[in-house]
Amino acid sequence: MVVEPVREFLRTPKQHLIGGRWVDSASGERFDTVDPATGRVLTSIAKGGAEDVDRAVRAAREAFEGEWSRWTPAQRQRLLYRVSEVIRDRATEFAQLESLDNGKSVAVAEGVDVLWSAELFAYYAGWATKIEGRTIDISVPWVPGGSWHAYTLREPVGVCGAIVPWNFPLVMACFKIPAALACGNTVVLKPAEQTPLTALLLGEVLSEAGLPDGVFNVVTGYGEAGAALAAHDDVDKIAFTGSTEVGKLIVDAAKGNLKKVSLELGGKSPQVVYADADLDTAIPGTASGFLFNHGQTCTAGTRLLVENSIFDEFTAGVAEVARGAKIGPGLDPTTDIGPLVSAEQLARVTGYLDQGLADGARALSGGKRHGDNGFYVEPTVLVDVKDDFSVYREEIFGPVVVATPFDAEEGVRPAANDTPYGLAASIWTRDISKAHRTAREINAGTVWINCHNAFDCAMPFGGYKQSGWGRELGEAAIDLYTQTKAVNVAL
């Protein structure tokens with residue numbers, strides 16, 4: 001049952017949040033956001049363009065140089081804690097909106113997405129009062145007898161643009177916003193056009209919590225709005241989460257004023273299963289590794305590398321878990337696999353499946369669309385896959401895993417690293433020495449042992465190779481949103 005505050009939120013056509021005011025697009029254009037479980041229109045959204053982005057950036061610059069610059073770290077800390085508590089209090093609203101807009105399970109939305117978002121605001125609230133420089137005992141050898149007082153300051157970067165994807169709309173926004181605000185920056189957020197609703201509700205929460213006008217702005221729209229934000233010469237830093245292809249476009253757009261750039265991009269993460277793994281844990285664990293969020297996860301463990309002596313038994317077990325997953329709408333709390341986010345994504349995923357089967361892959365489970373209504377795909381386990389198949393090499397972003405055997409004598413390192421990506425990996429074994437050795441061999445920003453997708457606010461997250469630049473989460477994110485000034489005083 002959709003709660004009344006969500007119904008009321010959806011009744012009102014949505015506008016941009018710019019300078020503390022809800023405003024229409026300069027062009028007057030709008031677009032619809034739909035429920036991927038049914039294809040039904042949820043509400044109307046303002047379609048922003050370059051002029052709207054410019055208005056938002058100007059508002060963010062004015063706020064950065066105005067009242068916000070006079071807020072103390074303790075004031076920022078209190079506000080971020082307050083926002084964390086409001087997100088918890090309104091968890092049902094956030095979760096239902098995320099489920100309606102994205103298609104994910106409402107239980108996952110509330111238990112993971114909303115909870116984690118609240119935790120991120122609380123975590124970075126604590127950092128607001130702990131950002132500090134240091135004193136340095138310097139020599140300046142070409143000034144014999146000189147006496148110096150040298151120190152560093154950590155200062156905010158300025159106006160930060162944030163562009164986030166549709167798979168975890170609220171969480172990905174919260175990977176960026178609280179860290180940026182804790183450091184004293186201002187933000188212009190551009191959510192994915194498929195899933196703008198929780199970003200707009202978050203804008204309401206931040207405004208009602210007492211954030212000064214213009215510190216946080218939201219411009220909804222299509223790719224042209226994101227391109228304008230990435231290229232804007234008065235944006236000091238851009239943070240992007242999305243595909244590697246678009247990430248390269250962001251880098252190109254950002255070169256005009258050489259703004260700081262952080263990128264969290266694609267992945268084709270291996271799950272390495274040794275013969276000595278606890279199968280009762282590893283079979284459901286690796287299945288969850290590629291099925292979580294319907295496979296629409298950058299860290300999804302979509303390459304299952306299984307030691308050859310247990311390959312048939314293990315893949316049969318994973319296929320059984322996949323066949324048993326309940327497919328249905330996200331608002332059903334018993335749903336395991338909801339719809340993909342859009343008709344476009346459905347066509348993309350089923351296209352990969354068709355190509356993989358045509359190339360010679362064999363489906364132990366799934367392999368096609370589920371039903372005729374909504375954007376559903378059957379959870380799929382593919383075997384007999386060669387390393388030049390597109391299903392093996394490319395990011396599919398759906399509930400699909402390719403399983404290949406490896407020989408323990410030859411080692412798993414070549415296969416695990418046979419990808420342009422390096423975002424994450426997991427290792428399943430009872431041998432802790434083997435686990436640590438393998439973790440060192442895999443070129444990935446995050447490696448889990450006997451688990452997958454086990455995140456925490458305090459753990460840095462980011463990728464190797466074409467999976468991105470920089471690290472979000474933990475103390476590492478503070479580096480993304482501050483710059484260091486060196487000060488030297490002759491005494």
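Quick note: structure is the one above.
Cut-off values and rules
- Residues numbered from 1 in each chain as written.
- Predicted model: local features only at pLDDT ≥ 70, side-chain atom pairs only at ≥ 80, totals over all residues.
- Heavy atoms only, no water.
- Pairing = 2+ DSSP bridges.
- Helix = DSSP H or I, 4+ residues; strand = E, 2+ residues; numbered from the N terminus.
- Axes fitted to C-alpha atoms, helices over the stretch in contact; angles between N-to-C directions.
- Phe/Tyr/Trp six-rings, centres within 6.5 Å; stacked < 30°, edge-to-face > 60°.
- Buried < 20%, exposed > 50% of the residue type's maximum accessible area, 1.4 Å probe, protein only.
- Parallel < 35°, antiparallel > 145°, perpendicular 65-115°, else oblique.
- Left-handed = near helix turned anticlockwise from the far one by under 90°.
- Contact = heavy atoms within 4.5 Å.
- Nonpolar A, V, L, I, M, F, W, Y, C, P; charged D, E, K, R; others polar.
- 1 Å grid on protein atoms, 1.4 Å probe; cavity = no way out; pocket = protein on both sides within 12 Å on 5 of 7 lines; lining within 4 Å.
- Points joined across faces, edges and corners; volume = space filled by probe spheres on them.
- Salt bridge = Lys/Arg side-chain N within 4 Å of Asp/Glu carboxyl O.
- Expected span 1.5 Å × (residues − 1).

What exactly am I supposed to notice about the sheet that holds strand 19 (residues 446-449) here?
In sheet architecture, strand pairing relies on hydrogen bonds along the backbone and comes in two forms, parallel and antiparallel. Sheet architecture is open: seven strands sit in the order 14-15-16-13-12-18-19, paired in mixed fashion. Either end of the sheet is taken by a strand with one partner, and the two such strands are strand 14 (362-365) and strand 19. Taking the axes of each pair of neighbouring strands and ignoring which way they run, one obtains an average angle of 25° across the sheet. For strand 12 (residues 270-273) and strand 13 (residues 303-307), the ladder comprises four bridges, and the chain directions are parallel. Bridging from a neighbouring strand, Gln271 pairs with Leu304 of strand 13.

What is the right way to read the packing of aromatic side chains from this model?
Geometrically, a pair of aromatic rings is defined through the distance of the ring centres and the angle of the planes. Under the defined criterion, the tally for this structure stands at 11 aromatic pairs. Pairing Trp116 with Phe455 gives two aromatic rings, centres 5.3 Å apart and planes at 35°, and the pair type is tilted. Remark: Phe455 occurs in the loop between strand 19 and strand 20 (464-465) and Trp116 occurs in helix 5 (residues 106-127); sequence separation between them is 339 residues. You can call Trp116 buried: its relative accessible area is 14%.

Sorry, what's going on with the sheet that holds strand 22 (residues 482-490) here?
Spatially, the three strands line up as an open sheet ordered 5-6-22, and their pairing is antiparallel. One side of each edge strand has no neighbouring strand; the edge strands of this open sheet are strand 5 (135-136) and strand 22. By the bridge criterion, two bridges tie strand 5 to strand 6 (residues 148-156) in an arrangement that is antiparallel. Its bridge partner being in strand 6, Thr135 is matched across the sheet by Tyr151.

I'm lost on the packing of helix 2 (residues 50-65) against helix 9 (residues 223-231) in this one. Help?
In a pair of packed helices, the angle between the axes and the distance between the axes together describe the arrangement. Closest axis-to-axis distance for the helix 2/helix 9 pair is 8 Å, and the angle between their directions is 45°. Of the possible angle classes, the one that applies to helix 2 and helix 9 is oblique. Here the hand of the crossing between helix 2 and helix 9 comes out right-handed. Touching Ala50, Val53 and Val57 of helix 2 are Ala225, Ala228 and Leu229, all from helix 9. When grouped by side-chain class, the residues that make up the contact of helix 2 with helix 9 number six nonpolar, no polar and no charged.

Please explain empty space enclosed by the protein as it appears in this structure.
Where empty space is left can be seen by rolling a probe of water-molecule size over the atoms. All chains considered together, the criterion is met by three cavities of 30 Å³ or more. There is about 60 Å³ of room inside the largest cavity. Lining the largest cavity are 16 residues; nearest its centre among them are Pro270, Thr419, Tyr421, Gly422 and Ala424. Each residue belonging to the lining of the largest cavity can be placed in one class, and the counts come to seven nonpolar, six polar and three charged.

I'm lost on the side chain of Thr404 in this one. Help?
Within the fold, Thr404 resides in strand 16 (residues 400-406). Assessed through its relative accessible area of 11%, Thr404 is described here as buried.

How do you make sense of the pattern of salt bridges when you look at a structure like this?
Proximity of charged atoms lets side chains of opposite charge pair with each other. Throughout the structure, instances matching the rule amount to 23 salt bridges. Notably, a salt bridge pairs Asp236 with Arg61, separated by 2.7 Å at the nearest N-O pair. One end of the pair, Asp236, is in the loop between helix 9 and strand 10 (237-241); the other, Arg61, is in helix 2, and 175 residues separate them in sequence. Residue Asp236 is classed as partly exposed on the basis of its relative accessible area of 23%. We classify Arg61 as buried; its relative accessible area is 14%. As a salt-bridge pair, Asp332 and Lys326 come within 3.1 Å of each other at their nearest N and O atoms. Residue Asp332 is classed as partly exposed on the basis of its relative accessible area of 23%.

Any chance you could explain the layout of surface pockets here in plain terms?
Roughly 960 Å³ of internal volume is contained in the largest pocket. Taken together, 39 residues form the lining of the largest pocket, with Trp166, Phe240, Gly242, Ser243 and Val246 sitting closest to its centre. Counting residues per element, the ones that place at least two in the lining of the largest pocket are helix 9, strand 10, helix 10 (244-254) and helix 13 (343-359). Of all the elements, helix 10 adds the most residues to the lining of the largest pocket, at five residues. Here the residues of the lining of the largest pocket sort into 20 nonpolar, 10 polar and nine charged.

Just checking my understanding: could you explain helix 8 (residues 197-208) for this structure?
For the α-helix, the turn length of 3.6 residues means that residues three or four positions removed from each other point alike. Taking 1.5 Å as the rise per residue, helix 8 with 12 residues should run 16 Å; its terminal C-alpha atoms sit 17 Å apart, in good agreement. Burial runs high along helix 8: nine of the 12 residues are buried. Taken as a whole, helix 8 has its buried residues at Leu197, Thr198, Ala199, Leu200, Leu201, Leu202, Gly203, Val205 and Leu206. Where helix 8 ends, the next residue or the one after it, Gly210, has phi of about 105°, a positive value.

Geometric values such as these leave the question of function open.
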